[in-house]
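These are the residues of each chain, in order.
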Amino acid sequence: MPGLIVFVGIAPHPPLLVPEVGGNRIAQVADSQRALREFSRRLVDTIPETVVVISPHSPLDPRAFTARSSAELAGDFRDFYAPEVRLAFKNDLDLLRAMGHAALDEGVELLELKRDHPLDHGALVPLYYLAEAGWSGPIIVCGFTLQSNDKHLAFGRAISRAARDLGRRVAVVASGDLSHRLIVGGPYEFEPTAHLFDEQIVEAIATGDAVKALNVDPALRERAGECGFRSIVIALGSVDQFPRDHQVLSYEGPFGVGYMVAILLEENKSDA
């Protein structure tokens, strides 16, 4: 196993999965909620020291990966009419600096955001379930870039390298939804081929076929209106493109957006 990565997984981030936001609608994503609870429990059971979250809704720099650098990382769901739901975690600044150095060694850049940015829902939704499962340790939240797959794989390797350099047990959560155009009347214009993107990604992760995931047609990705592909590529990089414990816990898209909960690496399972 490269570095000291103990868990790597993929989680969706619709705010409606938070009960205080979703209300009665959460019954329509019951499979995702059940899977996120299992995902979170299994992550916590690997006893990480830090959780690194990759969020599509973090501040975006086209050519540099980003990470918040404030001592505390906090946010709430006020934008979704639930301001009382607030989460706060310590930032692992030592790991953050190590990731920056490792990124340069991998030929990419990690830009520390000096201005305080509240946590976005891409991070908050999976963190809500992690907190529910008992996680209260430090985190890092990163954003991806508009660069090539190779650059995102390199950043995933940098996370693993930094964990190894510090001797840190690290869990990686790739936050991201799949297609946003699955149904007529959904949040975005319906695209009849969008389901093909989701099917290819779900099959690739379920079978542990990193090449199949990486080789998704960029035009299909564009038509599907996905937001999680680059997060998934970083996750694949963190396991050196070898998702040895691959398992899709759930997939559904009742509101026109594809939600997949999956595991790529789980130390307890591999070492059992």
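Here the structure is shown first, and the text comes after it.
Residues numbered from 1 in each chain as written. Predicted model: local features only at pLDDT ≥ 70, side-chain atom pairs only at ≥ 80, totals over all residues. Heavy atoms only, no water.

Asker: How should the pairing of strand β4 (residues 72–77) be read in this particular structure?
Answerer: Each regular strand carries side chains that alternate between the two faces of the sheet. Where burial is concerned, most of β4 is hidden: five out of the six residues are buried. Direction of pairing for β4 relative to strand β5 (residues 82–90): antiparallel, over a ladder of six bridges. Bridge pairing links leucine 73 to phenylalanine 89 in β5. Between β4 and the antiparallel strand that follows it, β5, lie four residues; tyrosine 81 among them carries a positive phi value of about 65°. (Buried < 20%, exposed > 50% of the residue type's maximum accessible area, 1.4 Å probe, protein only. Helix = DSSP H or I, 4+ residues; strand = E, 2+ residues; numbered from the N terminus. Pairing = 2+ DSSP bridges.)

Asker: How should the layout of surface pockets be read in this particular structure?
Answerer: If a probe as big as a water molecule is rolled over the atoms, it shows which places are left empty. Empty space within the largest pocket amounts to approximately 310 Å³. For the largest pocket, the lining is made up of 19 residues, of which Pro14, Pro15, Leu16, Phe80 and Tyr259 are closest to its centre. A class-by-class count of the residues in the lining of the largest pocket yields 12 nonpolar, four polar and three charged. (1 Å grid on protein atoms, 1.4 Å probe; cavity = no way out; pocket = protein on both sides within 12 Å on 5 of 7 lines; lining within 4 Å. Points joined across faces, edges and corners; volume = space filled by probe spheres on them. Nonpolar A, V, L, I, M, F, W, Y, C, P; charged D, E, K, R; others polar.)

Asker: Explanation requested: the pattern of salt bridges in the structure shown.
Answerer: A side chain of one charge can pair with a side chain of the opposite charge if their charged atoms are brought near each other. Applying the stated criterion across every chain yields a total of 19 salt bridges. The shortest N-O distance in the salt bridge between arginine 221 and glutamate 226 comes to 3.4 Å. For the pair arginine 221 and glutamate 226, a shared accessibility class is recorded, and that class is buried. One salt-bridge network, in which partners are shared between bridges, spans Arg34, Glu38, Arg42 and Glu266. (Salt bridge = Lys/Arg side-chain N within 4 Å of Asp/Glu carboxyl O.)

Asker: Looking at this structure, I do not really get the sheet that holds strand β1 (residues 5–11). What am I missing?
Answerer: The strands that make up a sheet pair up through hydrogen bonds in the backbone, lying either parallel or antiparallel. Read across the open sheet, the eight strands follow the order β6-β3-β7-β2-β8-β1-β10-β9; overall the sheet is mixed. Either end of the sheet is taken by a strand with one partner, and the two such strands are β6 (110–113) and β9 (247–252). With direction set aside, neighbouring strand axes in the sheet form an average angle of 20°. Where strand β3 (residues 65–68) and β6 come together, four bridges link them in parallel fashion. Bridge pairing in β6 links threonine 66 to leucine 111. Across the sheet, helix α2 (residues 30–45) touches β1, β2 (50–54), β8 (170–175), β9 and β10 (259–266), and the angle it forms with β9 is around 155°. Taken strand by strand, helix α6 (residues 194–207) contacts β1, β9 and β10, and its axis lies near 160° from that of β9. (Axes fitted to C-alpha atoms, helices over the stretch in contact; angles between N-to-C directions. Contact = heavy atoms within 4.5 Å.)

Asker: Is there a simple way to think about the side chain of threonine 50 in this case?
Answerer: Of note, threonine 50 is situated in strand β2. Polar contacts involving the side chain of threonine 50 include one to the side chain of aspartate 92, which spans 2.5 Å. Discounting residues that sit within four places of it in the chain, threonine 50 has contacts with Asp92, Leu95, Trp135, Pro138, Ile139, Ile140, Arg168, Arg169, Val170 and Ala171. (Polar contact = N/O pair within 3.5 Å; in protein donor to acceptor, adjacent residues only side chain to side chain.)

Asker: In this structure, what is going on with the packing of α2 against helix α4 (residues 121–132)? I would like to understand it.
Answerer: Relative placement of two packed helices is described by the angle separating their axes and the distance separating the axes. Between α2 and α4, the least distance of the axes is 8 Å, while the angle of their chain directions is 60°. If you check the angle between α2 and α4, you find them oblique. Crossing of α2 against α4: the hand is right-handed. Between α2, through Gln33, Leu36, Arg37, Ser40 and Leu43, and α4, the contact on the second element is made entirely by Tyr129, Leu130 and Glu132. By residue class, the composition of the contact of α2 with α4 is four nonpolar, two polar and two charged. (Parallel < 35°, antiparallel > 145°, perpendicular 65-115°, else oblique. Left-handed = near helix turned anticlockwise from the far one by under 90°.)

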